[in-house]
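# Results of the structural survey
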Number of protein chains: 2
Amino acid sequence: MTLNAADSDFHDLLQQRLPDGSVRPAEPRYLEEPRGRYHGRPTTVVVPKTAEEVAEVVRLAAQERVGIVPYGGGTGLVGGQISPEGPVPLLLSLERMTALRGVYPEENVLICEAGAVLASVQTAAAAAGRLFPLSLASEGSASIGGNLATNAGGTAVLRYGNMRDLCLGLEAVLPDGQIWHGLKRLRKDNTGYDLRHLLIGSEGTLGVITAASLKLCPQPVATGTAVFVVPTPDAALSLLALAQQQLGEMVSGFELINGQGLAFLSEVLPDIRQPFDAAPEWSVLMEVGLAHGMNAQTELETLFAEAADRGMVLDGVIAQSQQQSQDFWSVREHIPEANKRVGAVISSDVSVPLGSLPDFITKGKQVISEIGEFRINCFGHVGDGNLHYNVFPLPGGTSSDHANQRAALQRAVHDLAHALGGSVSAEHGVGRLKVADLERYGDPAKLAAMRAIKSALDPLGIMNPGAVLRT
Amino acid sequence: MTLNAADSDFHDLLQQRLPDGSVRPAEPRYLEEPRGRYHGRPTTVVVPKTAEEVAEVVRLAAQERVGIVPYGGGTGLVGGQISPEGPVPLLLSLERMTALRGVYPEENVLICEAGAVLASVQTAAAAAGRLFPLSLASEGSASIGGNLATNAGGTAVLRYGNMRDLCLGLEAVLPDGQIWHGLKRLRKDNTGYDLRHLLIGSEGTLGVITAASLKLCPQPVATGTAVFVVPTPDAALSLLALAQQQLGEMVSGFELINGQGLAFLSEVLPDIRQPFDAAPEWSVLMEVGLAHGMNAQTELETLFAEAADRGMVLDGVIAQSQQQSQDFWSVREHIPEANKRVGAVISSDVSVPLGSLPDFITKGKQVISEIGEFRINCFGHVGDGNLHYNVFPLPGGTSSDHANQRAALQRAVHDLAHALGGSVSAEHGVGRLKVADLERYGDPAKLAAMRAIKSALDPLGIMNPGAVLRT
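Residues numbered from 1 in each chain as written. Chains lettered and ligands numbered in written order. Predicted model: local features only at pLDDT ≥ 70, side-chain atom pairs only at ≥ 80, totals over all residues. Heavy atoms only, no water.

For clarity, the threshold we go by: UniProt positions are given in the numbering used here, feature names are shortened, and annotations may be inferred rather than shown by experiment.
Chain A carries the name FAD-binding oxidoreductase in an unreviewed UniProt entry, which gives Roseobacter insulae as its organism. Note on chain A: under the UniProt heading Cofactor (unreviewed entry), the record states "FAD".

Pasting the structure below:
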């Protein structure tokens, strides 16, 4: 079925049917994405204020056979929010649906609308004496709706899970324009198929999430941060197992840092204070969030001593202040920016089973070297088996020098992750960037089921056409 | 579309196409369920040994338009495993698919087939120095496949989540006979719609789960058990909040016990040792699983002292030995058996938002009293907002005296839970028992989406016909 473009007639129809100020030409910022890979075409953006208005927009789009791209904070890294080809779709931005509908600290629940910015939800939870644990680099602009649509990950997944693990219920407009009122505040509800988990991670292709009921957590009583130098990635995993054996869920973050990333930081962001004078080849940033009566310094020292006895760590620093803890995290958080300034030939977001992680790192080096000479910065959420595996030109070279090797490099990294039972998109989603990867690496029975579900719920194909599944 | 019965021709066809010993007439045990509400009809049971054989069965059933009821441990409480009407379906029992396909302690992962009994998986995890936390009364016979199909709950959900939270991947045969090979060992994998979560909780209506990749957890270093007497259910919730504030995720279990349940125990199971001479009206059984360096006795004493200061607890006992801890749990675990012996007029499995729980208990008493004079035993997983709300005749009466009030009682309890934003099936599922409840209380947009998904994935309607959705 062919869709129609969101043309001026459709713009006028929306303007007629929606309150004043809801419909306007999309500003250029809606047509760009952080990595500059995709470019949108001029179109209309509609900014509804209620789920009912969203439903009206979806019904009109269905009636006129116009595609809709739901738009959150615009921070997605796989082009899910940009339509570069096909009939121009309407942009449906949730930016005016930011209300906090309710905070229930005694239930550890918060209900907010989809346009709420992640950082504002973290702040609202903190004001209620609770923690909303999702934490990622773009939290100052990413929206809850986008976090849900992409099942966002980040640095606290090890302890608290992905976005889907933090959602108790949804309100959403389905492709036929019906509103699903599913904002439950329940920990247990076994009444039929889990539509919530189907919409989460479907990247706007099965409906528009308009509000969510989110899980809050108790705030840890004491927190601590350390950077431990490890001899190998394998040792990092042993250190993680030891830490979890001693502290259980209280290990909140465990990030692998590669010497190449620290060298990039020294080169392009020299003001970022680094914990060691000589950049270690492998180190881990560990965060613990402890119960009452526990002391972070003591726990981290005990862990270090025991890990050192077993040869898992070579050196370490434990943050002595809030400031120092922030400095350690700042190192980790600026690595993507340093990567960007150096200019990667390819970036990857792969995951592998934890036990295969050292193997992935060793073999990754090998398959890359068969293509050419490159620098590799391999870092990330190692506790989740999730690595951002980025490949860079040698010093003096530029990314564009290697344009003709890009596809081979990406293929080699994805083939390797897949061969080890891994995923070619651990946390960023499929968007438009990885549609072909999904076809290549996805299980055929799963793909057939996905297509059947898409056709059943969105028979006209109006929801985010071209994302996740080929139209 | 009308299905055909699993008749003797179909029996013969299966026998031709499957290895010897795979097909036989179903013994009576397959045609009964624990509560005696549903009675199956004589039919064939097929007991495949591999996913490929399951796929062959499904393809033959599709070809001959015969319904299939997937069969796990047979412990379900809502009739999902029994077909009392319509064309007689085939029973597909996973009982010979019990293999442990792999244990990966360093990854906290275990892969087993769907017929594996829950207790055997717990044992295999313990042998690897890990915990598989799902814990429920029927764990000695319930299967992993059944636990997944019903998204089982139990007593450890507060800390570790429902069955869906403990599953990383699935292998399943879809209704068209294709095998989905989705046994990933990944913590993060955002490659398309989450078919795993769609199958989990779908009660065999969208496919047959043949194996699962399960999450393991570190074993707590120290555990402790206490029974605290609380003045009100409200105080129990405050106690829970205090415990979580101090101990975070280390609060593993928090079960509400009602004096009525203790009175039933004294009456029909007098050998069960109770913690208090005079049964308190409300008490909670609390379990903690602590990190290294912590002492359970100290933590529980500290918590008791602080809670007593705030008027949240009136009395308490802390288990001084493994035996005493088991005795406390034995009280909780024998309450359902005591209920059964006394003979309930109705049993419920509702959940409400935690904040509405005290209100539910107060109003519940009221709506029941408007129907007649009854005894109420209201107990359960209060940390999850999940209550088993059971209504009994007065002493001397029997359940059958009140047969004509049963529907009104069930309706009153469900109406109340629904009005408070709750669920009429917190952990047992829909099965055949609650199909009408789902229609009554379910969100219409969600129901329409469920029906569309069912038609898309199982257009012939062969998978567990009559369960969850009306045929």
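### So, the nonpolar core
This is how it is decided: To qualify as a nonpolar core, a set must consist of buried Ala, Val, Leu, Ile, Met, Phe, Trp, Tyr and Cys residues joined through side-chain atoms within 4.5 Å. In this scheme, a residue with accessible area under 20% of its type's maximum is buried, one over 50% is exposed, and one in between is partly exposed, where area comes from a 1.4 Å probe on protein chains only.
Core analysis: the biggest nonpolar cluster contains 148 residues, and Phe132 and Ile144 of chain A together with Phe132 and Ile144 of chain B have the highest contact counts within it. Judged by nonpolar contacts, the second largest core, of 102 residues, contains Ala236 of chain A together with Ala222, Val230 and Ala296 of chain B.

### Details of the pattern of salt bridges
Should their charged atoms come close, side chains of opposite charge can pair. To keep things clear, this is the line we draw: By definition, a salt bridge exists where a carboxyl oxygen of Asp or Glu is found within 4 Å of a side-chain nitrogen of Lys or Arg. Numbered from the N terminus, helices here are DSSP runs of H or I no shorter than four residues, and strands are runs of E no shorter than two.
The final tally for this structure, using the stated rule, is 46 salt bridges over all chains. Residue Arg411 of chain A pairs with Asp415 of chain A through a salt bridge whose shortest N-O separation is 3.2 Å. Within this pair, Arg411 of chain A and its partner Asp415 of chain A are both found in helix H12 (residues 406–419), separated by four residues, close to a single helical turn. Judged by relative accessible area, Arg411 of chain A falls into the partly exposed class, the value being 38%. Arg101 of chain B serves as the salt-bridge partner of Glu171 of chain B, at 3.0 Å between the closest nitrogen and oxygen. Of the two residues, Glu171 of chain B sits in strand S8 (residues 167–173) while Arg101 of chain B sits in strand S5 (residues 100–104), which places them 70 residues apart along the sequence. The exposure class assigned to Glu171 of chain B is buried, which follows from its relative accessible area of 7%. Via salt bridges that share partners, Arg24, Glu27, Arg29 and Glu95 of chain A belong to a single interconnected network.

### Points about the UniProt feature "domain: FAD-binding PCMH-type" (unreviewed entry) in chain A
Residues annotated in UniProt with the feature "domain: FAD-binding PCMH-type" (unreviewed entry) correspond here to residues 38–219 of chain A. Annotated as residues 38–219 of chain A, this span is 21% helix and 24% strand, and its ends, taken at the C-alpha atoms, are 39 Å apart.

### Remarks on the sheet that holds strand S4 (residues 90–93) of chain A
Residues and elements named next belong to chain A. Condition: Pairing between two strands requires that DSSP report at least two bridges joining them. Where helices are involved, their axes are fitted lines through C-alpha atoms of the stretch in contact, as for all axes, and angles between N-to-C directions lie from 0 to 180°. Contacts are assigned to residue pairs with any non-hydrogen atoms lying within 4.5 Å of each other.
One open sheet accounts for four strands, arranged S1-S2-S4-S3; its pairing is mixed. Two strands in the sheet have a free side with no partner beyond their single neighbour: strand S1 (23–25) and strand S3 (68–71). Strand after strand, the sheet turns through a mean of 30° between neighbouring axes, direction not considered. Here strand S2 (residues 44–46) runs beside S4; their pairing, made up of two bridges, is parallel. Bridge assignment links Val46 to a residue of S4, and that residue is Leu92. Where helix H1 (residues 8–17) meets the sheet, it contacts S1, S2 and S4, and its direction lies at approximately 150° from that of S1.

### Considerations on helix H9 (residues 296–309) of chain B
Residue and element names in this part refer to chain B. The following threshold applies: To estimate how far a helix should extend, the number of its residues minus one is multiplied by 1.5 Å. The reported arc concerns the directions from the helix axis to the C-beta atoms and nothing else. Any N or O atom pair separated by 3.5 Å or less is treated as a polar contact, with the protein-specific requirement of one donor-capable and one acceptor-capable atom, and with residues adjacent in sequence counted only for side-chain atom pairs.
Here H9 is 14 residues long and its end C-alpha atoms lie 20 Å apart, about the 20 Å a rise of 1.5 Å per residue gives. All of the buried residues in H9 are Ala296, Glu299, Leu300, Leu303 and Ala307. Buried positions in H9, seen along its axis, are confined to an arc of 90° and lie on one side of it. Buried residues along H9 sit against strand S12 (222–229), helix H7 (233–247), strand S14 (282–290) and strand S15 (315–318). By the N-cap criterion, in which a side-chain oxygen at the helix start approaches the backbone nitrogen of a residue two or three places on, H9 is capped by Asn295, the distance to Gln297 being 3.0 Å. Note on H9: the residue one or two positions beyond its end, Gly311, has a positive phi of about 75°.

### Some points on the sheet that holds strand S9 (residues 179–182) of chain B
Sheet strands pair by backbone hydrogen bonding; their relative direction is either parallel or antiparallel. Residues and elements named next belong to chain B. Overall, antiparallel pairing links the five strands, which are arranged S5-S6-S10-S8-S9 in an open sheet. Edge positions in the open sheet fall to S5 and S9, since each of these has one partner strand only. On average, each strand axis in the sheet is tilted by 15° relative to the strand beside it, whichever way the strands run. Taken together, the six bridges between S8 and strand S10 (residues 208–215) define a ladder with antiparallel strand orientation. Note on S10: the bridge partner recorded for Cys167 is Leu214. Contacting S5, strand S6 (109–113) and S10, helix H3 (residues 118–127) runs over the sheet at an angle of about 145° to S6.

### Notes on a positive patch on the surface
Residue and element names in this part refer to chain A. Note the following rule: Like-charged residues within 9 Å of one another, or nonpolar side chains (Val, Leu, Ile, Met, Phe, Trp, Tyr) within 5 Å, are grouped into patches, provided each residue has over 30% relative accessible area and no salt bridge. We get accessible surface area from the Shrake-Rupley algorithm with a probe of 1.4 Å; when it comes to residues, only the shown protein chains can shield them. Asp and Glu count as negative and Lys and Arg as positive, but His and the ends of the chain are not part of the count. A charge is said to be at NZ when it belongs to Lys, at CZ for Arg, at CG for Asp and at CD for Glu.
Side chains of Arg35, Arg37, Lys340 and Arg406 sit close together on the surface and give a patch of like positive charge. Its place among the elements puts Arg406 in helix H12. Judged by its relative accessible area of 32%, Arg406 falls in the partly exposed class.

### Quick notes on the packing of H1 of chain A against helix H2 (residues 51–64) of chain A
All names here are of chain A. Put simply, the rule reads: Crossing handedness: left-handed means the near helix sits turned counterclockwise from the far one by under a right angle, and right-handed means the same turn made clockwise. Amino acid classes used here: Ala, Val, Leu, Ile, Met, Phe, Trp, Tyr, Cys and Pro are nonpolar; Asp, Glu, Lys and Arg are charged; the rest, including Gly, are polar.
Here H1 crosses H2 at 145°, and the two axes come no closer than 11 Å. In the packing of H1 onto H2, the handedness of the crossing is right-handed. The residues of H2 that touch H1, namely those facing Phe10, Leu13, Leu14 and Arg17, are Glu56, Val57, Leu60, Ala61, Gln63 and Glu64. Residues of the contact of H1 with H2, tallied by class, amount to six nonpolar, one polar and three charged.

### Details of the side chain of Ser356 of chain B
Residue placement: Ser356 of chain B occurs in the loop between strand S16 (350–351) and helix H11 (357–371). For Ser356 of chain B, the contacting residues outside a window of four places in its chain are Glu107 and Arg185 of chain A together with Leu420 of chain B.

### With respect to the packing of helix H8 (residues 259–268) of chain A against helix H10 (residues 322–342) of chain A
All names here are of chain A. Spelled out, the test is: Every angle not falling under 35 degrees, over 145, or within 65 to 115 is termed oblique; those three ranges are roughly parallel, roughly antiparallel and roughly perpendicular.
For the pair H8 and H10, the least separation of the axes is 9 Å and the interaxial angle reads 70°. The orientation of H8 relative to H10 falls into the category roughly perpendicular. Of H10, the residues touching H8 (which contributes Leu262, Phe264, Leu265 and Val268) are Val331, His334, Ile335, Ala338, Asn339, Arg341 and Val342. Residues of the contact of H8 with H10, tallied by class, amount to eight nonpolar, two polar and one charged.

### Describing the relation of the copies chain A and chain B
Heads up, the rule is: When the copies are overlaid, the least-squares fit takes in C-alpha atoms only where the residue has pLDDT of at least 70 in both copies.
Screw-axis analysis of chain A against chain B gives a translation of 0.0 Å along the axis, an RMSD of 0.0 Å, and a rotation angle of 180°. Taken together, the rotation and translation relating the two chain copies correspond to the operation of a two-fold axis. The overlap is high: 100% of the interface residues of chain A also sit at the interface in chain B, so the same surface is used on both sides.

### Focus on the packing of aromatic side chains
Residues and elements named next belong to chain A. Spelled out, the test is: Stacked, tilted and edge-to-face are the three classes assigned to paired rings of Phe, Tyr and Trp, where Trp is represented by its six-membered ring and a pair needs centres within 6.5 Å; plane angles under 30 degrees give stacked, over 60 edge-to-face, the rest tilted. Think of it as a cone above the ring: NZ of Lys or CZ of Arg counts as a charge over the ring if it is within 6 Å of the ring centre and within 35 degrees of the ring normal.
Taken as a whole and assessed by the stated rule, the structure comprises eight aromatic pairs over all chains. Where Phe264 meets Phe392, the ring centres are 4.6 Å apart and the plane angle is 70°; that geometry is what we call edge-to-face. With Phe264 in helix H8 and Phe392 in strand S18 (residues 386–392), the pair connects residues that are 128 residues apart, well separated along the chain. Residues Phe264 and Phe392 agree in their burial class; the two are buried. Directly above the aromatic system of Tyr30 lies the positively charged group of Arg29, at a separation of 4.2 Å from the ring centroid. Across from the ring centre of Tyr104, 4.0 Å away, lies the NZ or CZ of Arg185, which sits over that ring.

### A look at the pairing of S4 of chain A
Residue and element names in this part refer to chain A. Residues Leu90 and Leu92 of S4 are buried on one face, and the alternating residues Leu91 and Ser93, pointing to the opposite face, are buried as well. Direction of pairing for S3 relative to S4: parallel, over a ladder of four bridges. Paired with Val69 across the two strands is Leu91, which belongs to S4.

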